[in-house]
Amino acid sequence: MSTTLGKKLRSKYPDRIPIVFCVKDDIKMSKQKMIVPENISLSQVNLIVRKYITLKKTESLIFFINNLLPQTSANILTLYNQHKDNEDILNIRITKENT
């Protein structure tokens, strides 16, 4: 019986959530895999991601999980439990939009 990568990471870091970011071609992101604390909100994840992306002042980031637009106030652990994939990893698609 094989253990998934997400389960290995969760056992090694029990208070962290493994996330893989899928970004569009027009976004340059230096770090696309992260493990974040489980007690933060999606808006705090947004702040962490912004450190690795260069945006213009008129651009904003939009996060999609399973083609849904989650609330930014949602807890990342709740989103993980609802939307993790078969590898036990939360996949978040990032797009940018002009504001």
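Definitions and limits used
Residue indices begin from 1 for each chain and proceed along its sequence in written order. Where local features are concerned, this predicted model is filtered to residues with pLDDT of at least 70; where side-chain atom pairs are given and counted, the filter is 80 or more; whole-chain, interface and lining totals use all residues. Excluding hydrogens and water, the side-chain values take into account all heavy atoms of the structure. Helix numbering and strand numbering both begin at the N terminus, where a helix is a DSSP run of H or I of at least 4 residues and a strand a DSSP run of E of at least 2. In this treatment the radius of gyration is a C-alpha quantity, and the globule benchmark scales as 2.2 Å times the residue count to the 0.38 power. Exposure classes here rest on a 1.4 Å probe applied to the protein chains alone. A residue is buried below 20% of its type maximum, exposed above 50%, and partly exposed in between. Contacts: residue pairs with any heavy atoms within 4.5 Å of one another. Using a 1.4 Å probe, accessible areas were evaluated by the Shrake-Rupley method; residue-level cover was limited to the displayed protein chains. Charge assignment in this entry is limited to Lys and Arg as positive and Asp and Glu as negative, and neither His nor the chain termini are counted. By convention, the point assigned to a charge is CZ for Arg, NZ for Lys, CD for Glu and CG for Asp. We define a salt bridge as a contact between a side-chain nitrogen of Lys or Arg and a carboxyl oxygen of Asp or Glu at a distance within 4 Å. In plain words, nonpolar cores are sets of buried Ala, Val, Leu, Ile, Met, Phe, Trp, Tyr and Cys residues tied together by side-chain atoms within 4.5 Å.

### Thoughts on the overall build of the protein
For the protein, the helix and strand inventory stands at three helices and four strands. Ordering the α and β elements of the protein from the N terminus gives α-β-β-α-β-α-β. Relative to a compact globule of 99 residues, whose C-alpha radius of gyration would be 13 Å, the protein shows 14 Å and is just as compact. The C-alpha extent of the protein, read off along each of the three principal axes, is 50 × 25 × 25 Å. When each of the 99 residues of the protein is scored for burial, the buried share is 35%. Within the protein, counting contacts between residues at least 6 apart in sequence, those at least 24 apart form 61% of the total. Accessible area for the protein stands at about 6,500 Å²; split by element, carbon and sulfur atoms hold 49% of it. One way to put it: in the protein the 16 positive side-chain charges average out to a point 5 Å from where the 9 negative ones average out.

### What to know about unusual backbone geometry
A positive phi angle is found at Asn66, which is not glycine, with a value near 55 degrees. Summarising the element assignment, Asn66 is placed in the loop between strand S3 (59-64) and helix H3 (76-83).

### Quick notes on the pattern of salt bridges
Oppositely charged side chains can form a pair if their charged atoms are brought close together. Tallied over the entire structure, the rule returns three salt bridges. As a salt-bridge pair, Lys96 and Glu59 come within 3.4 Å of each other at their nearest N and O atoms. Of the two residues, Lys96 sits in strand S4 (residues 90-98) while Glu59 sits in strand S3, which places them 37 residues apart along the sequence. When its relative accessible area of 27% is taken as the criterion, Lys96 is described as partly exposed. The exposure class of Glu59 is buried, given its relative accessible area of 11%.

### Section: the environment of Lys33
As for its placement among the helices and strands, Lys33 is situated in strand S2 (residues 33-37). Classification of Lys33 as exposed rests on a relative accessible area of 63%. With 58 residues separating them along the chain, Lys33 and Asn91 place their C-alpha atoms 9.5 Å apart. If we ignore the near neighbours within four places in the chain, the residues touching Lys33 are Ile19 and Val20.

### Observations regarding the nonpolar core
With 22 residues, the main nonpolar core has Phe21, Val45, Val49, Ile76, Ile92 and Ile94 as its most contacted residues. Those elements giving two or more residues to this core turn out to be strand S1 (16-23), S2, helix H2 (42-50), S3, H3 and S4. In contact with Ile92, not counting residues within four places along its chain, are Ile19, Val20, Phe21, Cys22, Leu42, Phe63, Phe64 and Ile65.

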